[in-house]
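# Secondary and tertiary structure notes
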Amino acid sequence: MTTKSINKTKERDYSLDFLRGLAVIFMVITHVFALFYKGPNPIMDWFIWWGATVCFTTFLFIFSVLYGLKLSKGGLDVKKELKRFGVILAGYYLIGFWVSLFWGEQTPLEVLLFIKQPEFVEFIIAFL
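Not measured: the values here are computed from a predicted model.

## Overview of the environment of Leu22
- Relative to the assigned elements, Leu22 resides in helix H2 (residues 14–36).
- In sequence terms Leu22 and Trp103 are 81 residues apart; their C-alpha atoms lie 29 Å from each other.

## A few points about the packing of aromatic side chains
- On inspection of all chains with the given rule, the structure shows 11 aromatic pairs.
- The interplanar angle of 10 degrees and the centroid separation of 5.6 Å between the aromatic rings of Tyr93 and Phe97 together place this pair among those described as stacked. Residue Tyr93 and its partner Phe97 are located together in helix H4 (residues 78–102), separated by four residues, close to a single helical turn.
- The exposure class of Tyr93 is buried, given its relative accessible area of 17%.
- Feature note: the residues Phe26, Trp46, Trp49 and Trp50 constitute an aromatic cluster, connected by ring pairs.

## As for helix H3 (residues 42–72)
- The end-to-end C-alpha distance of H3, which contains 31 residues, comes to 44 Å, matching closely the 45 Å that a straight helix rising 1.5 Å per residue would cover.
- Of all bends in H3, the biggest is about 35 degrees, found at Gly51.
- Among the residues making up H3, those that are buried are Met44, Gly51, Cys55, Thr58 and Ile62.
- Against the buried residues of H3 lie H2.
- Sitting at the head of H3, Asn41 places a side-chain oxygen 3.0 Å from the backbone nitrogen of Ile43.
- Among the residues trailing H3, Gly74 stands out with phi positive, at a value near 140 degrees.

How each quantity is defined
- Residues numbered from 1 in each chain as written.
- Predicted model: local features only at pLDDT ≥ 70, side-chain atom pairs only at ≥ 80, totals over all residues.
- Heavy atoms only, no water.
- Helix = DSSP H or I, 4+ residues; strand = E, 2+ residues; numbered from the N terminus.
- Phe/Tyr/Trp six-rings, centres within 6.5 Å; stacked < 30°, edge-to-face > 60°.
- Buried < 20%, exposed > 50% of the residue type's maximum accessible area, 1.4 Å probe, protein only.
- Expected span 1.5 Å × (residues − 1).
- Bend = angle between axes of the 7 residues up to and from the residue.
- Contact = heavy atoms within 4.5 Å.
- Polar contact = N/O pair within 3.5 Å; in protein donor to acceptor, adjacent residues only side chain to side chain.

Geometric values such as these leave the question of function open.
Now the structure itself:
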């Protein structure tokens, strides 16, 4: 291992990785319950609430912290950020159009104009 890779490892905050891992686990549980179980169950309803609120907020918090660290270490590459924006927006539109055509209650035009967001992809807008 080189000195450069050792220094990068020392700078990494593993508590953010742990927090993100927990959020991913709860988000997977939430989506499994929301997609495959339709009966009334207070425990499953709690997990769905947890994923819809706490996990999403945790993802936004971690994203913001890491983005702030990136800004403090030397700014942003505008071309790279615009490319990232385009990829995320294209992913939102691709998934949103697919959901609206086969499952959703919104039309592709409503998805395109951000009038109605399809279920399970509305969170992507926050990361744009």
